Amino acid sequence: MANQRDIIELMEANLDHLKEMNRQQDMELKRWEKLKPLLLRSFRGSMAGKKILLLGRRDSQLEPVKELLSPSGAGVTVILAPDLCEGSDKKEEGPDRIAPEILAGLLDSPGGIMAVAEDLEALGLMLPEAEAGLFEDPPDCCLLFLEGVDLSSGSFFYELWRELHEQGTRVIALFPWQEEALTLPLPGMRPEPNLVDNIDTFWGQMALLKMLAGGAGGHYGFGGGSKGLLPAEIGDDCDGY
């Protein structure tokens, strides 16, 4: 009986300890959730006057990124390049039928997106912004929302990424987090490309904001070969615009 009593008392003590640990962890999580908005708020107005081009397949992917950038003061123009539906009659439209180098040249046009809006739409791309949201100068940075398949050399979005990178346009590739790490380094991408491999997480969003506000370059996120979750302080690793 004494042994049973000792075991019960030990189990109760362990249970009380676990409950206290859970309570402390819950308090830490609540503190962290309160801190997140304060960290994001520190970027308000930090990109006033910057022109950001956001390009991807679906509006549902791009809208959270646009909302993230909105308080920064940056002007954001969205271009949608939807996938072709299998069996579609419009076989000559969509990003798979556009030469990446042609699109890269249009995005870097001296007249900005407003000057080439009709050309982009003629290529099957969608500009959901009103005319007032289209800027008249080349963008300071292009953001490409990509998926794992876009890391295959020869795929349209990969080649567009490479073309923009090689022509000197500042471009940052955004990938949602996935359990299978991205395969890097990327073939044919010199100097080092800029990317965030966990844009759908808080840390990925912070990394993007720091890259845009401070000009840091490189790979940030959870994937192998990344420099870490966040760029170093401004000046330690800075490419500029």
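Fair warning: this is a prediction, and the values are worked out from it, not measured in the lab.

This part takes up the side chain of asparagine 198. Structurally, the position occupied by asparagine 198 is in the loop between strand 5 (194-196) and helix 6 (202-214). What makes asparagine 198 buried here is its relative accessible area of 0%. If we ignore the near neighbours within four places in the chain, the residues touching asparagine 198 are Phe175, Pro176, Trp177, Trp203, Gly204, Tyr220, Gly221, Phe222 and Leu229.

Turning our eyes to something else, we now look at the pairing of strand 1 (residues 51-56). Extensive coverage of strand 1 is indicated by the burial of 6 of its 6 residues. Of the two faces of strand 1, the one lined by Lys51, Leu53 and Leu55 and the one lined by Ile52, Leu54 and Gly56 are each fully buried. Running through helix 2 (residues 59-69), the crossover from strand 1 to the neighbouring parallel element strand 2 (residues 75-80) is right-handed. Sheet analysis places strand 1 next to strand 3 (residues 141-145), joined by 4 bridges and oriented parallel. What sits directly across from leucine 54, in strand 3, is leucine 143.

This part covers the nonpolar core. Counting residues in each nonpolar core, the largest one holds 32 residues, and the members touching the most others are Ile79, Leu107, Ile113, Leu120 and Trp161. Going through the elements one at a time, strand 1, helix 3 (100-107), helix 4 (112-122), strand 3, helix 5 (156-166) and strand 4 (171-174) are the ones with two or more residues in this core. If you tally residues by element for this core, the top one is helix 5, at 6 residues. The residues contacting isoleucine 113, other than those within four sequence positions of it, are Leu53, Thr77, Ile79, Leu107, Leu120, Leu127, Leu134 and Phe135.

The subject of this paragraph is the pattern of salt bridges. One pass over the full model with this rule turns up 7 salt bridges. Between arginine 162 and glutamate 163 there is a salt bridge whose closest N-O contact spans 3.7 Å. In this structure, glutamate 192 and lysine 227 form a salt bridge, with 3.6 Å as the shortest nitrogen-oxygen distance. Here glutamate 192 is found in the loop between strand 4 and strand 5, whereas its partner lysine 227 is found in the segment after strand 6 (219-220), with 35 residues between them in sequence. The network of salt bridges with common partners includes Glu159, Arg162, Glu163 and Glu166.

The next point concerns the environment of isoleucine 52. Inspection of the secondary structure assignment puts isoleucine 52 in strand 1. Residue isoleucine 52 is classed as buried on the basis of its relative accessible area of 0%. In the structure, isoleucine 52 is positioned 24 residues away from valine 76 in sequence and 4.8 Å away in space, judged by C-alpha atoms.

Looking now at a nonpolar patch on the surface. On the surface, Trp177, Trp203, Phe222 and Leu229 cluster together into a nonpolar patch covering about 370 Å² of accessible area. Tracing the chain through its elements places leucine 229 in the segment after strand 6.

Side chains of Asp6, Glu9, Glu12 and Asp16 sit close together on the surface and give a patch of like negative charge. Mapped onto the fold, aspartate 6 is located in helix 1 (residues 2-41). For aspartate 6, a relative accessible area of 46% puts it in the partly exposed group.

A few words now on the sheet that holds strand 3. One open sheet accounts for 6 strands, arranged 2-1-3-4-5-6; its pairing is parallel. On the outer flanks of this sheet lie strand 2 and strand 6, each paired with one strand and no other. Inspection of the sheet shows strand 5 paired to strand 6 by 2 bridges, in the parallel sense. Following the sheet pairing, leucine 195 is matched in strand 6 by histidine 219. Strands strand 1, strand 2, strand 3 and strand 4 of the sheet are contacted by helix 2, whose axis makes an angle of about 175 degrees with strand 2.

The rules behind each value
- Residues numbered from 1 in each chain as written.
- Predicted model: local features only at pLDDT ≥ 70, side-chain atom pairs only at ≥ 80, totals over all residues.
- Heavy atoms only, no water.
- Helix = DSSP H or I, 4+ residues; strand = E, 2+ residues; numbered from the N terminus.
- Buried < 20%, exposed > 50% of the residue type's maximum accessible area, 1.4 Å probe, protein only.
- Contact = heavy atoms within 4.5 Å.
- Right-handed = clockwise from strand over helix to strand, strands pointing away.
- Pairing = 2+ DSSP bridges.
- Core = buried A, V, L, I, M, F, W, Y, C linked by side-chain atoms within 4.5 Å.
- Salt bridge = Lys/Arg side-chain N within 4 Å of Asp/Glu carboxyl O.
- Patch = residues over 30% accessible without salt bridge, like charges linked within 9 Å, V, L, I, M, F, W, Y side chains within 5 Å.
- Areas by Shrake-Rupley, 256 points an atom, 1.4 Å probe, with all protein chains shown as cover.
- Lys, Arg positive; Asp, Glu negative; His and termini not counted.
- Charge placed at Lys NZ, Arg CZ, Asp CG, Glu CD.
- Axes fitted to C-alpha atoms, helices over the stretch in contact; angles between N-to-C directions.

In short, shape yes, function no, at least from these values alone.
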